[in-house]
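# Understanding the architecture of this molecule
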Amino acid sequence: MIPRNTKLKSREITVPGDKSLSHRSVLFAALSKGRSKVTGFLEAEDPLNTMSAFTKLGLNAKKIAPGEYEFESPGKESLVSPNVELDFGNAGTGIRLSAGLICGLRGVNATLTGDDSLKKRPMGRIIKPLTAMGASIVGLGEKETAPLKIEGRKLSAFRYESPIASAQIKSCLMLAAIASETELEYSENILSRDHTENMFRFLGNEIERITPLRFKIKPPYILNGGEFKVPGDISSAAFFLVLGVLAKEGNLVISNIGLNPARTGILTALELMGAKVEILNRRIECGEPVGDLKTYPSVLKKANIPESLIPSIIDEIPILSVAGLFAEGGFEIRHAEELRAKESDRIHTMVSNFRALGIEVEEYPDGYALDGTSKKSEIVWAELSKGKKISILSHMDHRIAMSFLILKSLSGFSLEIDETSWIETSFPGFETLLRGCLYE
Ligand code: S3P
């Protein structure tokens with residue numbers, strides 16, 4: 001077992017605002033005629049890029065205080081073509097959701113692009129259904145990748161059965177239909193995060209649920225702006241949940257965290273592994289459940305992580321795998337081929353970094369398996385405990401960098417992470433907050 005010597009200061013912490021909700025607050029503000037307000041907005045590169053993109057289409061964004069913005073939009077019919085390329089940096093959510101929305105804006109032409117990681121990510125998954133809806137969208141990169149060239153137009157009523165449980169695809173098509181005042185019927189095989197549905201309803205619209213996994217939206221849509229309150233991001237809290245349950249001593253309370261059931265898979269998975277995390281002060285804010293999370297040092301064991309849980313832990317698998325290194329009997333994740341389409345190919349990046357530590361990992365097309373408590377691993381941990389230096393490659397991926405920083409704090413191993421600046425895309429202040437939880 002990796003030695004567990006980390007003592008935490010028992011303290012209450014907060015993490016930055018939810019990334020998914022921050023992106024969506026800008027998109028719904030841009031679609032709405034008039035004023036919207038957001039508090040708790042994640043002031044990190046990804047959502048700030050989305051905000052900056054829509055200001056180029058005519059959205060006025062005014063910062064009132066940290067995380068607090070006032071938006072004024074001329075409404076979807078009056079948004080204009082930007083005269084520069086829209087740069088979404090590292091954000092798949094930013095570019096895919098914005099692409100859908102812009103496809104439905106009649107007369108608005110735009111080119112959407114991003115950094116080298118984003119330009120490698122699959123866009124065919126949105127180009128295909130958007131084109132079937134009548135959109136004009138072309139991937140100018142190799143194999144239908146970004147930059148995306150869009151000529152916004154009136155789209156047709158559309159029915160789509162998504163082959164992938166992806167909130168980005170679902171939200172992209174919903175925003176296209178909403179922007180274009182057209183009807184959409186959508187179904188998926190496992191429920192992906194439903195923040196777009198919740199925000200759409202919060203603005204006064206109705207969703208016709210045909211089955212738990214199939215719904216319909218129909219115009220006319222109500223888009224008069226709203227006051228959005230963004231809670232802390234459970235995907236960011238996940239790093240501190242793992243730190244808390246694997247510490248030797250101390251309890252963390254991570255307050256004001258969004259607990260949408262399609263996002264709380266990390267709590268279920270940790271619980272299946274034997275971790276104790278308590279939910280305190282449950283409440284509903286802006287149509288989304290919120291609460292505080294308290295961690296307790298726990299002994300972890302191998303658990304079977306069911307396929308149905310994958311969409312709700314998709315962003316947390318790297319940090320959950322770090323927890324898995326400490327689990328008696330090992331860790332295995334399967335049915336997670338979607339990990340290959342994230343900021344990096346997270347199956348490959350996790351497997352190669354674990355192998356760099358020296359442990360044996362089995363790689364599958366849809367996941368990987370390891371046993372950090374095997375006899376062979378014990379020899380590796382003993383070696384690393386003597387201070388052997390290991391290079392970790394982050395592959396332009398914030399969650400890979402943060403996961404290995406947590407492992408470094410928990411194990412005391414000399415891990416050298418090649419680049420940590422990606423963390424700015426989702427979690428400014430991560431390293432300071434982490435240091436603040438540890439004793440010197
Ligand atoms: C997101 C959806 C997820 C997730 C991403 C944010 C969203 O992607 O990985 O970080 O805000 O809709 P998929 O739904 O494509 O899996």
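Numbering of residues starts from 1 in each chain and follows the order in which that chain's sequence is written. Local features in a predicted model are, by the rule used here, given only for residues with pLDDT of at least 70; side-chain atom pairs are given and counted only at 80 or more, and totals for whole chains, interfaces and linings are based on all residues. The basis for every side-chain value is the complete set of heavy atoms in the structure, and neither hydrogens nor water enter the calculation.

## Here's the deal with the overall build of the chain
Quick reminder of the rule: The way it works is that DSSP assigns letters per residue, a run of H or I at least four long becomes a helix, a run of E at least two long becomes a strand, and they are numbered from the N terminus. Within these notes, the globule rule equals 2.2 Å times the number of residues to the 0.38 power, and the radius of gyration is based on C-alpha atoms. When accessible area is computed with a 1.4 Å probe and restricted to protein chains, residues below 20% of their type maximum are described as buried, those above 50% as exposed, and intermediate ones as partly exposed. In this description, contact between two residues means that some pair of their heavy atoms is separated by no more than 4.5 Å. Accessible surface area values rest on a Shrake-Rupley calculation with a 1.4 Å probe, where residue burial reflects the displayed protein chains alone. Within this scheme the basic residues Lys and Arg register as positive and the acidic residues Asp and Glu register as negative, but His and the chain ends are omitted. Working definition for charges: the position is that of NZ of Lys, CZ of Arg, CG of Asp or CD of Glu.
Within the chain one finds 14 helices and 21 strands. For 440 residues, the compact-globule formula gives about 22 Å, and the C-alpha radius of gyration of the chain, at 22 Å, lands near that figure. Along the longest, intermediate and shortest principal axes, the C-alpha atoms of the chain span 65 × 45 × 40 Å. A burial count over the chain gives 60% of its 440 residues as buried. The contacts in the chain between residues at least 6 apart in sequence include a share of 75% that link residues at least 24 apart. Of the roughly 16,600 Å² that the chain leaves accessible, carbon and sulfur atoms contribute 49%. Separation of charge centres in the chain, based on 54 positive and 56 negative side chains, amounts to 1 Å.

## Topic: the state of the cysteines
Defined as follows: Cysteine sulfur pairs qualify as disulfides if the two atoms are within 2.5 Å.
Applying the stated criterion across every chain, the model contains zero disulfides. No disulfide involves Cys172; its sulfur sits 6.8 Å from that of Cys103, the nearest cysteine. A residue is classified by how much of its surface remains accessible, and Cys172, at 0% relative accessible area, is buried.

## Overview of the packing of aromatic side chains
Inclusion rule: Centres within 6.5 Å are what make two rings of Phe, Tyr or Trp a pair, Trp counting through its six-membered ring; a difference in plane orientation under 30 degrees is then read as stacked, over 60 as edge-to-face, and the rest as tilted.
Tallying each qualifying case throughout the model produces 14 aromatic pairs. Note on Tyr186 and Phe215: the rings are 6.0 Å apart at their centroids and 35° apart in plane angle, and the pair reads as tilted. Taken together, the residues span a long stretch of sequence, with Tyr186 in strand S10 (residues 184–187) and Phe215 in strand S12 (residues 214–217) at a distance of 29 residues. A relative accessible area of 2% means that Phe215 is categorised as buried. Pairing Phe240 with Phe427 gives two aromatic rings, centres 6.1 Å apart and planes at 55°, and the pair type is tilted.

## Some words on the site of the ligand
Our working rule: The near set for a molecule or strand comprises every residue that places at least one heavy atom within 4 Å of it. Identification of polar contacts relies on pairs of N or O atoms within 3.5 Å, with a donor-acceptor requirement for protein atoms, meaning one able to donate a hydrogen and the other able to accept it, and with residues adjacent in sequence counted only if both atoms are side-chain atoms.
The full set of residues close to the ligand is Ser20, Arg24, Thr93, Ser166, Ala167, Gln168, Arg193, Ile314, Asp315 and Lys342. Ala167 has a polar backbone atom sitting 2.6 Å from an oxygen atom of the ligand. Within the side chain of Asp315, one N or O atom sits 2.6 Å away from an oxygen atom of the ligand. Out of a free accessible area of 380 Å², the ligand has 95% covered by protein chains.

## Observations regarding the packing of helix H1 (residues 19–31) against helix H3 (residues 92–103)
Operational definition: Simply put, an axis is a line fit to the C-alpha atoms, just over the touching stretch for a helix, and the angle between two N-to-C directions goes from 0 to 180 degrees. Here the word oblique covers every angle except those under 35 degrees (roughly parallel), over 145 (roughly antiparallel) and from 65 to 115 (roughly perpendicular). When the near helix sits turned anticlockwise from the far one by under a right angle, the crossing is termed left-handed; a clockwise turn instead gives a right-handed crossing. Residues are grouped as follows: nonpolar covers Ala, Val, Leu, Ile, Met, Phe, Trp, Tyr, Cys and Pro; charged covers Asp, Glu, Lys and Arg; every other residue, Gly included, is treated as polar.
The interhelical angle for the contact between H1 and H3, taken along N-to-C directions, is 20°, at an axis separation of 10 Å. What the angle tells us is that H1 and H3 run roughly parallel. In this structure, the crossing between H1 and H3 has a hand that is right-handed. Across the interface between the two elements, His23, Arg24, Leu27 and Leu31 of H1 pack against Thr93, Gly94, Leu97, Ser98 and Leu101 of H3. When its residues are assigned to classes, the contact of H1 with H3 shows four nonpolar, four polar and one charged.

## Quick word on the nonpolar core
Defined as follows: Throughout, nonpolar core names a set of buried Ala, Val, Leu, Ile, Met, Phe, Trp, Tyr and Cys residues whose side chains join them through atoms within 4.5 Å.
Membership of the largest hydrophobic core comes to 77 residues, with the highest contact counts inside it found for Phe240, Leu325, Phe354, Leu357, Tyr368 and Phe430. Of the residues forming this core, the biggest block, ten residues, is contributed by helix H7 (residues 234–246). In contact with Leu325, not counting residues within four places along its chain, are Ile2, Phe354, Leu357, Ile359, Leu370, Gly372, Trp381 and Leu407.

## Some details on the packing of H1 against helix H2 (residues 45–55)
Orientation of H1 relative to H2, taken along the N-to-C sense of each, is 10°, at an axis distance of 9 Å. Of the possible angle classes, the one that applies to H1 and H2 is roughly parallel. Facing Lys19, Ser22, His23, Val26, Leu27 and Ala30 of H1, the residues of H2 in contact are Asp46, Pro47, Thr50, Met51 and Phe54. The residue inventory of the contact of H1 with H2, partitioned by class, reads six nonpolar, three polar and two charged.

## Observations concerning the environment of Arg153
By secondary structure assignment, the location of Arg153 is in the loop between strand S8 (148–151) and strand S9 (158–161). Note on Arg153: relative accessible area 35%, which makes it partly exposed. When the C-alpha positions of Arg153 and Leu384 are compared, they lie 58 Å apart, and in sequence the two are 231 residues distant. Those residues within four positions of Arg153 in sequence are excluded, and the remaining contacts are Cys103, Gly104, Leu105, Arg106, Gly134, Ser136 and Ser180.

## Topic: the side chain of Glu338
For Glu338, the position within the fold is in the loop between strand S17 (331–333) and helix H11 (346–357). Of the polar contacts made by the side chain of Glu338, one reaches the side chain of Arg125; its length is 2.9 Å. If we skip the residues at most four places from it in the chain, Glu338 touches Arg125, Ile164 and Ile314.

## Some words on the sheet that holds strand S18 (residues 361–364)
Note the following rule: At least two DSSP bridges between two strands are required for those strands to pair.
What the three strands build is an open sheet, ordered S17-S19-S18; its pairing is antiparallel. Since the sheet does not close on itself, it has two edges, and those belong to S17 and S18, each with one partner. Across the sheet, the mean angle separating the axes of adjacent strands is 15° when strand polarity is ignored. Relative to strand S19 (residues 367–370), S17 is paired through three bridges, and the arrangement is antiparallel. Considered in S19, the bridge of Ile333 is made with Tyr368. Where H11 meets the sheet, its contacts fall on S18 and S19, and the angle it forms with S18 comes to roughly 165°.

## Some words on the domain arrangement of the chain
Defined as follows: Either an automatic procedure or a domain database provided the assignment from which the domain bounds are taken. Accessible area that two parts lose when put together, evaluated with a 1.4 Å probe and summed over both, is termed the buried area. A side-chain nitrogen of Lys or Arg and a carboxyl oxygen of Asp or Glu constitute a salt bridge if their distance falls within 4 Å.
As assigned here, the chain comprises domain 1 (11–16 + 231–437) and domain 2 (19–229). Placing the centre of domain 1 and that of domain 2 at their C-alpha centroids yields a distance of 29 Å. On the domain 2 side, the residues contacting the 27 residues of domain 1 number 29 residues. For the domain 1 face of the interface with domain 2, the top three residues by lost area are Cys286, Met396 and Thr425, together amounting to 23%. The tally of links between domain 1 and domain 2 comes to four salt bridges. The closest approach of N and O atoms between Glu338 and Arg125, which form a salt bridge, is 2.9 Å. Linking domain 1 with domain 2 are 14 residue pairs in polar contact (both at pLDDT 80 or more). The residue makeup of the side of domain 1 that touches domain 2, split by class, is ten nonpolar, six polar and eleven charged.

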